[in-house]
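Next come the chains, spelled out residue by residue.
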Amino acid sequence: MKLHDSTLGALGRLAAALAIAGAAPAGAAERQLLWGDTHLHTNYSFDAYLFQNRTADPDTAYRYAKGLPVVHPFHGARVQIGTPLDFLVVADHAELTAVPLRIFEGDPALLATAFGRDMAPLIAAGKGGEVFRRLVATANAGTGDPRIEELRSAAVRVPAWHHLVDAADRHDDPGTFTALIGWEWSSLPDAANLHRVVMLADDGAVAKQFLPFSTLDSDRPEDLWAWLERTTAATGAEFVAIPHNMNISKGRMFPLEDSEGRPLTAEYARTRMRWEPVAEITQIKGDSETHPALSPNDEFADFETYRFLIDTRPDTDHLASVTRGDYARGALLRGLELEETFGANPYKFGMIGATDAHTGVASAEEDNFHGKMALDSVPEKKPERRISGGDGPIGWNMAAQGLAGVWAEANTRAAIVAAFKRKEVYATTGPRIQLRFFGGWEFAAADASAADLAARGYAGGVPMGGDLSAAPAGRAPSFLIHAAKDPVGANLDRIQVVKGWLGADGKASERVFNVAASDGRTPDVFGVLSPVGSTVDLATATWTNDIGNPQLAAVWTDPEFDAGQRAFYYVRVLQIPTPRHSLYDAVALGRELPEGISATLQERAYSSPIWYTP
Amino acid sequence: MRRFATILVLLAAAGCSPDTGAPPPDEAPGAREAAEPAEQADDAPTRLFWGDTHLHSSYSPDAFFFGNRSADPDTAYRYAKGLPIVHPHHRARIRIGTPLDFLVVADHAEMMGVPFGLMQGDTKLTGTENGRRLLGMMKEGKGQEVFLEFVGRINTGEPYADLDTRETRSSIWRRSNEIAERHNEPGVFTTFIGWEWTSTPGGKNLHRVVFTAAGIETSSQFVPYSSFESGRPEDLWSWLDATAARVRADFVSIPHNSNISGGLMFDAVDSDGRPISADYARQRMRWEGVVEMTQIKGDSETIGVLSPNDEFADFETFSHLIDADAIEGGQQERTWKAGDFARTALLRGLEIEASVGVNPYRFGMIGATDSHTSAASAEEDNFHGKTAFDSTPANTFAEFLTVERFGADMSGAGLAGVWAEENTRASLFAAFKRKEVYATTGPRIHLRFFGGFEFAPGDADSAALARLGYEKGVPMGGELAAAPAGRAPGFLIHAAKDPKGANLDRVQVVKGWLGADGKPQERVYDVAASDGRRPDGAGRLAPVGNTVDLATGRYTNTIGDAQLAVVWTDPDFDAGQRAFYYARVLQIPTPRHTLYDAIALGMDPAETGHPPTIQERAYSSPIWYAPGQ
């Protein structure tokens, strides 16, 4: 364990961080850390529009991500991101894209449809919520509304898709800011969230050769993958599909059976992994790393837990299930078991965060969070249910997160997609925590404090997302880890390694190791580390960096390694406690938060795993 | 020029924001880590405190009618202390970038709390005939008509008799005072009990903010003097004389917006048109030792037509008189008079002093916001409007009343810097009395300014600069007299950038003096400049440049210096001439609040009618020189 002396000057540590990031030799070590949001909705998404985002269009979304001030679509004040992003995917729903917007704007092509004629008065009367309820109810019931079918014609869809594609091409600025073309496939069978964001490495000339695959085409993931296969063959496009909100998938995001109820096969696993190398595991609708019921020994497991199914039907249970099929860690464990069974791992994915904001503004900063939906953006609206009378979430149930950190060769579409393909990406719940994670057999303790840490990592091992196999006799894998705080954010509490492995009985198990801690703390004999404390003043929503460390680094060797067991390892970095967005609201409103709404949180980063295969 | 802390600042900057062009915040919003300039760590007897002496809440009738129906004095203190609040118009959460150390909620004394109380159903108000009528109009959405009626009454000095009773006034005054008392926390955050006397004869602004160092036991013994009692400043001062004696309290009265006073604020004559007398001067100076000369409704230092040789004179010029007739009938033409600006008033003061023996315009200078939103916001990128309505980009460029007066015309300014021993009512109040205060247009520019006859050039590089300043001279607001033979006064000046803000362009000294002919003269000297620039043969300094990207609203600190310090000796000194000297510090250009709005709206900045960038500034209080007898 390498713990930095907490008495070192902050400037010195910062300088050290820069040296580590900047001093690596040529090659992979020069990969730069890019920050982005792969999952942002604008007023082109029917639900965003109906929940009061009438003005923040794709152009607004790119401007906000690039750091420009924009007008918030609900309250009309100016908003600006604290730290700009390096890339963005505007991922509007492929279903009914821009339909409410165009009806409201009086687009003749839309008003000529039966749906447009029916919905126009409701929208004009400000009853967007009612329109949304009808749409979701129809989708949940699994029967295509014939009026919706009319909206699937190319004549209706092409102008909206081309507008999105053109906006991305206009804002894509290689080397400076990358705009990836994408959309969301919004499959919701029986209210099980199977949504995927799909993005591509290519430009508008390629993207205009197809229309995005939507759940109105099919709500089966297998059909999405087949379409990706066909479309790649036809256009040369390079796609990545990213599942999200497994936490409200009723166990179906990472199932043991395919959509037809048949046991998974190696073929399923290979096809899935071809398209879905990365999962979005933390976002505004909650954190999907794990759940306390699944990880009872993980004291930090109950983080931004969100269990509100997207289901407005009466007389159904609206509470999400908690199974290994609903959470990333459970899926990674399940993947080891399945691989042992049929030789391929369907759940060997890297991990990122994204916002899924519907406001056109990719905000994941607790003190600068602008809502899931546009109307969630002002303190007085956040205690209210969006659809009155239901048991759905309130604005304070939403989490102000997340982001994707990407170690890429360059800030271009091709380089970013390549990083996703090799899973050299990681998740944070918002803060720009810099995280390096390498696995190998030769790392020495001194590597953690080396100025050329990254170069040593690449030379002596594999980065996050990589594979280790066939351990040298008598050797256990060691992991070189370096984490630095968000330069404008809070200090770090600890670095943990989460290990999952397959036991001799064919069952997968998990364990969380504390591998580096701030303030000179060391684990007790049970491996338990004392809490870092909290500096948050609940009356003023302020905090200090008087606790925690700006950087933590370690070389950690698995003390329980068994060379015959399949395993994965990923890093979790915890920040010191800081105010949750709900606390800022509560202070502004001069009121207490309701039960179940946290005032503080420990933001975190999750690396993509490194797998060990015997 | 002293740069010993510059390298640290640059290092921190480089580390904080490695991959954006924007200057980095020194810490996250909400993180309580102050960056104190190194100079402040020495053994100086005073520390710098920041505050706003002029903030309106929903208790001010005009604030209420302009959309602030919810942000009361409690909200105002919470914002100033750094807490998030709900903006009264757009309802989003807002928070000051750097909290203040003190605040004066200075609601208008005239019908204070009346519209707010009516809407809240205060039966003392709703039970009156006018109360019923006005509430009815407000409920019908005729708030603007009610407002114009109010402005008309204030301008003509005719209160509603049934709403303006001693009982109604005491009740709201007490409520306001109680909130101030609750938020006063000696050593941490200071609140002063105060109000605004809103005299506007013929639409000409003679407004004063008045505050006291006393607490509620004392303030509850009077109701705030309003322009309904009298619109003549002399009557206000006489009331202060009498009330101070009666309740044993001390007051400070601070004129503001001389720029829209039609020349009356610093006139050569009194309210009856008689030349200013020594008695007038003494009485005025007893109460009005400080002037608020930069705020949201423009900067009142000077103007180009009055200071033609000052290339930085036309800064945030605001010319809209407050006049219900003007609001209804259109704006009258403005002509600028010596009585409209601080610099010309300081010059006029020398003239009058030469004539009657006492200077009526020997004032220190501060900035304040005069915001009517309860949010004391003077940060260009975090400015929340003059009125609550002005707070969104769309409304910034929208006409609110029928005159051509827009939120865009407003300036995201200003603040008062106060050199005091501690953050208490007594200590801060004493600093106002001795004029050891200064103005900024918003940024927290740290400014020391001392005058004396013994300063050596090396003093500007000393780590004990401030202690040397006090030992060898007088601080801002002070006086030098009777120069030793053959000596000219030297000025020890140190300026440091806002820790979270932009670098500095230059330090200037503005000198005013009475020539041999008895006529006032002024000259601006560039005394320290960034980036190694030196004045040319004509004394002119090259412009510092401009890093602002008009497409993104970002700037960098790649130009300018983090600190500037100098000992400057007056090269044109004449020991027989009355003079004053004050320091003006200019920042490098940064975006004006309207540029951020224009970008947010996708609007061409040229269409805003305002410069996209400004050079924010600090103005010290003057140091006067008086010849020996």
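Everything numeric here is computed off the predicted structure, so don't read it as measured data. (Residues numbered from 1 in each chain as written. Chains lettered and ligands numbered in written order. Predicted model: local features only at pLDDT ≥ 70, side-chain atom pairs only at ≥ 80, totals over all residues. Heavy atoms only, no water.)

1. Details of the overall build of chain A
Alright, step 1. Helix and strand counts for chain A come out as 16 helices and 24 strands.
Alright, step 2. Taking 2.2 N^0.38 as the reference for a compact globule, 614 residues should give roughly 25 Å; the C-alpha atoms of chain A span a radius of gyration of 23 Å, in line with that estimate.
Alright, step 3. Overall size of chain A, expressed as C-alpha extent along the three principal axes, is 70 × 55 × 50 Å.
Alright, step 4. Here chain A holds 614 residues, and 64% of them are scored as buried.
Alright, step 5. Per element, the accessible surface of chain A, about 19,800 Å² overall, is 52% carbon and sulfur. (Helix = DSSP H or I, 4+ residues; strand = E, 2+ residues; numbered from the N terminus. Rg over C-alpha atoms; globule rule 2.2 N^0.38 Å. Buried < 20%, exposed > 50% of the residue type's maximum accessible area, 1.4 Å probe, protein only. Areas by Shrake-Rupley, 256 points an atom, 1.4 Å probe, with all protein chains shown as cover.)

2. Thoughts on the overall build of chain B
Alright, step 1. From N to C terminus, chain B includes 17 helices and 24 strands.
Alright, step 2. The C-alpha radius of gyration of chain B comes to 23 Å, within 12% of the 25 Å expected for a compact globule of 629 residues.
Alright, step 3. Seen along its three principal axes, the alpha-carbon backbone of chain B occupies a region of about 70 × 65 × 45 Å.
Alright, step 4. Buried residues in chain B amount to 65% of all 629 residues.
Alright, step 5. For chain B, restricting intrachain contacts to residue pairs at least 6 apart in sequence, the fraction spanning at least 24 positions comes to 77%. (Contact = heavy atoms within 4.5 Å.)

3. Digging into the nonpolar core
Nonpolar side chains in soluble globular proteins generally cluster together in the buried interior.
Alright, step 1. Among the nonpolar cores identified, the biggest contains 134 residues, and W183 and F239 of chain A are the most heavily contacted of them.
Alright, step 2. Among the elements that line this core, the one with the most residues is helix 9 (residues 154–171) of chain A, at seven residues.
Alright, step 3. Look past the residues within four positions of F239 of chain A in its chain and what remains in contact with it is W183, V198, M199, L200, F210, W227, L228, T231, T232, W275 and K421 of chain A.
Alright, step 4. Within the second largest apolar cluster, 128 residues are counted, among which are A76, M112, L236 and F455 of chain B. (Core = buried A, V, L, I, M, F, W, Y, C linked by side-chain atoms within 4.5 Å.)

4. With respect to the packing of helix 10 (residues 233–247) of chain B against helix 11 (residues 278–287) of chain B
Residue and element names in this part refer to chain B.
Alright, step 1. Two elements in contact, helix 10 and helix 11, have axes separated by 10 Å at closest approach and are oriented at 65°. The two elements helix 10 and helix 11 cross, and the hand of that crossing is left-handed. Along the contact surface, helix 10 presents E234, W237, S238, L240, D241 and A244, while helix 11 presents Y280, Q283, R284, R286 and W287.
Alright, step 2. In the contact of helix 10 with helix 11, the residues fall into five nonpolar, two polar and four charged. (Axes fitted to C-alpha atoms, helices over the stretch in contact; angles between N-to-C directions. Left-handed = near helix turned anticlockwise from the far one by under 90°. Nonpolar A, V, L, I, M, F, W, Y, C, P; charged D, E, K, R; others polar.)

5. Examining the pairing of strand 13 (residues 446–452) of chain B
Residue and element names in this part refer to chain B.
Alright, step 1. Across the seven residues that make up strand 13, a large majority, seven, are buried.
Alright, step 2. Taking every second residue as pointing to the same face, both faces of strand 13 are buried, with H446, R448, F450 and G452 on one and L447, F449 and G451 on the other.
Alright, step 3. Looking at chain direction, strand 13 and strand 16 (residues 490–496) are connected through seven bridges and run antiparallel. Among the inter-strand pairings, R448 is bridged to a residue of strand 16, identified as H494.
Alright, step 4. Relative to strand 14 (residues 474–475), strand 13 is paired through two bridges, and the arrangement is antiparallel. (Pairing = 2+ DSSP bridges.)

6. Structural notes on helix 7 (residues 143–156) of chain B
All names here are of chain B.
Alright, step 1. End to end, helix 7 covers 20 Å across 14 residues, agreeing with the expected 20 Å (1.5 Å per residue, within 8%).
Alright, step 2. All of the buried residues along helix 7 are G143, V146, F147, L148, F150, V151, I154 and N155.
Alright, step 3. The positive-phi residue at the C-terminal boundary of helix 7 is G157, with phi of around 70°. (Expected span 1.5 Å × (residues − 1).)

7. Details of a nonpolar patch on the surface
All names here are of chain A.
Alright, step 1. Taken together, the side chains of V525, F526 and V528 make up a nonpolar region of the molecular surface, amounting to roughly 370 Å² of accessible area.
Alright, step 2. Note on placement: V525 falls in the loop between strand 18 (508–517) and strand 19 (551–557).
Alright, step 3. Taking relative accessible area as the criterion, V525 reaches 79% and is therefore assigned exposed. (Patch = residues over 30% accessible without salt bridge, like charges linked within 9 Å, V, L, I, M, F, W, Y side chains within 5 Å. Salt bridge = Lys/Arg side-chain N within 4 Å of Asp/Glu carboxyl O.)

8. Let's talk about the packing of aromatic side chains
Alright, step 1. Under the definition given, this model contains 60 aromatic pairs over all chains.
Alright, step 2. With a centroid separation of 5.7 Å and 90° between ring planes, the pair formed by W183 of chain A and W227 of chain A is classed as edge-to-face. With a gap of 44 residues between them, W183 of chain A in strand 5 (residues 178–185) and W227 of chain A in helix 11 (residues 221–235) connect regions that are remote in the sequence.
Alright, step 3. Seen in terms of ring centroids, Y306 of chain A and F308 of chain A are 5.2 Å apart; in terms of plane orientation they differ by 65°. Their pairing is edge-to-face.
Alright, step 4. Residue F308 of chain A is classed as partly exposed on the basis of its relative accessible area, which comes to 23%.
Alright, step 5. Among the aromatic side chains, those forming a connected cluster through ring pairs are W173, W195, F222, Y225, W239, F251 and W287 of chain B.
Alright, step 6. Over the ring of F303 of chain A we find R604 of chain A; its NZ or CZ atom is 3.8 Å from the centre of that ring.
Alright, step 7. The ring of W624 of chain B is capped by R362 of chain B, whose NZ or CZ atom sits 4.6 Å from the centre of that ring. (Phe/Tyr/Trp six-rings, centres within 6.5 Å; stacked < 30°, edge-to-face > 60°. Lys NZ or Arg CZ within 6 Å of the ring centre and 35° of its normal.)

9. Regarding the side chain of E301 of chain B
Residues and elements named next belong to chain B.
Alright, step 1. Its place among the elements puts E301 in the loop between strand 9 (298–299) and helix 12 (324–329).
Alright, step 2. A residue is classified by how much of its surface remains accessible, and E301, at 1% relative accessible area, is buried.
Alright, step 3. There is a polar contact of 2.9 Å between the side chain of E301 and the side chain of R584. (Polar contact = N/O pair within 3.5 Å; in protein donor to acceptor, adjacent residues only side chain to side chain.)

10. A look at the environment of F177 of chain A
Residues and elements named next belong to chain A.
Alright, step 1. Note that F177 resides in the loop between helix 9 and strand 5.
Alright, step 2. On the accessibility criterion, F177 (3% relative accessible area) is buried.
Alright, step 3. C-alpha of F177 to C-alpha of R413: the two residues are 236 residues apart in sequence and 9.4 Å apart in space.
Alright, step 4. If sequence neighbours within four positions are ignored, F177 has contacts with Y62, A65, K66, L85, D86, F87, L88, H171, D172 and N411.

11. Focus: the confidence of the model for chain A
Alright, step 1. In this model, chain A carries a mean pLDDT of 92, and residues with pLDDT of at least 70 account for 93%.
Alright, step 2. Within the model, pLDDT remains below 50 along residues 1–26 of chain A, and this stretch shows 51 contacts once partners closer than five positions in the same chain are excluded. (pLDDT = per-residue confidence, 0-100.)

12. Quick look at the sheet that holds strand 14 (residues 461–463) of chain A
All names here are of chain A.
Alright, step 1. Taken together, four strands build an open sheet; the order of strands is 14-13-16-19 and the sheet is antiparallel. The two strands at the open ends of the sheet, each matched to only one other strand, are strand 14 and strand 19. Shown here is a sheet whose adjacent strand axes are inclined to one another by a mean of 15°, direction ignored.
Alright, step 2. Across the sheet, helix 15 (residues 453–460) lies against strand 13 (434–440), strand 14 and strand 16 (478–484), angled at about 30° from strand 13, the strand it touches most.

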